[in-house]
Amino acid sequence: MKRASVLRPLALCLCLILLNGCQPPPSPPDTPAPAREETTIRLPDARYEIVQPTLEQRDEQGRTLWKLKAQALKAESQDAQAQGVLSEVEGWLYRDGKPVLRFRAPYARANAETREVEAWGAVEARSNTSDAQLRAGRLLWQSREDRIHASEGVVLRWGAFELRERALIVDTALEKVWGAP
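Here is a short report on the structure shown in this document.

Reading guide: rules and limits
Each chain has its residues counted from 1, following the order in which its sequence is written. Predicted model: local features are reported for residues with pLDDT of at least 70 only, side-chain atom pairs are reported and counted for 80 or more only, and whole-chain, interface and lining totals are derived from all residues. Hydrogen atoms and water are omitted, and side-chain values are computed over all heavy atoms in the structure. Elements are defined by DSSP. Helices are runs of H or I of four residues or more, strands are runs of E of two residues or more, and each kind is numbered from the N terminus. Burial status follows relative accessibility: with a 1.4 Å probe on protein chains alone, a residue under 20% of its type maximum counts as buried, one over 50% as exposed, and anything between as partly exposed. We call two residues in contact whenever any of their non-hydrogen atoms come within 4.5 Å of each other. We define the nonpolar core as a collection of buried residues of types Ala, Val, Leu, Ile, Met, Phe, Trp, Tyr and Cys that are connected through side-chain atoms lying within 4.5 Å of one another.

Regarding the overall build of the protein
Looking only at helices and strands, the protein has one helix and 10 strands in total. Overall, the protein shows an N-to-C arrangement of helices and strands of α-β-β-β-β-β-β-β-β-β-β. Buried residues in the protein amount to 36% of all 181 residues. The contacts in the protein between residues at least 6 apart in sequence include a share of 41% that link residues at least 24 apart.

Next comes the structure, spelled out in structure tokens:
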């Protein structure tokens, strides 16, 4: 029981470091922001495993950018840096605070600083705004550009139409397609 009480605060700290780019919504303009002291979270050099984590990131207006649920998060911290990989992932990608794409992947990770989500393995995605579906070996979603870079055996379906390529660039809702460079 003592081990569980020690691991919970460490897991919380790890999630905070992994999502260091997540910010709460700003205070309304007419309300002065309270003075904040800068705090540094320092994890010991270690390896962690968190069971059934749910991670998400919000933009400056408080709108959700992405949300990831997984069976496990395996991570390690070293020199005040933390990185990890989620396994058996179900994820949602958002546009203007609304979910536009849902995906499943064996593995994923997110970078809160760059606002990117990467998924790999046999990734399957479905648009919430149309009947479009995407399968690929690897996806890299760049929220700032509203683009998904799909690679490794890409199959994109819109109803009866099917497009197969080694790599494609699509918008988050799978409505527009560009050829990969």
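There is more to say, and it comes next.
Regarding the nonpolar core
Where a protein is soluble and globular, its nonpolar side chains tend to be buried together. Counting 31 residues, the largest nonpolar core has W66, L93, F103, L134 and I148 as its most contacted members. Residue assignment for this core shows that the elements contributing at least two residues are β3 (64-78), β4 (81-95), β5 (98-111), β6 (116-127), β7 (132-142), β8 (147-158) and β9 (161-171). The element contributing the most residues to this core is β3, with six residues. Setting aside its immediate chain neighbours within four residues, I148 contacts L93, L101, L134, L139, L140, W141, L168, I169, V170, D171, T172 and L174.

Geometric descriptors of this kind do not, in isolation, establish any biological role.
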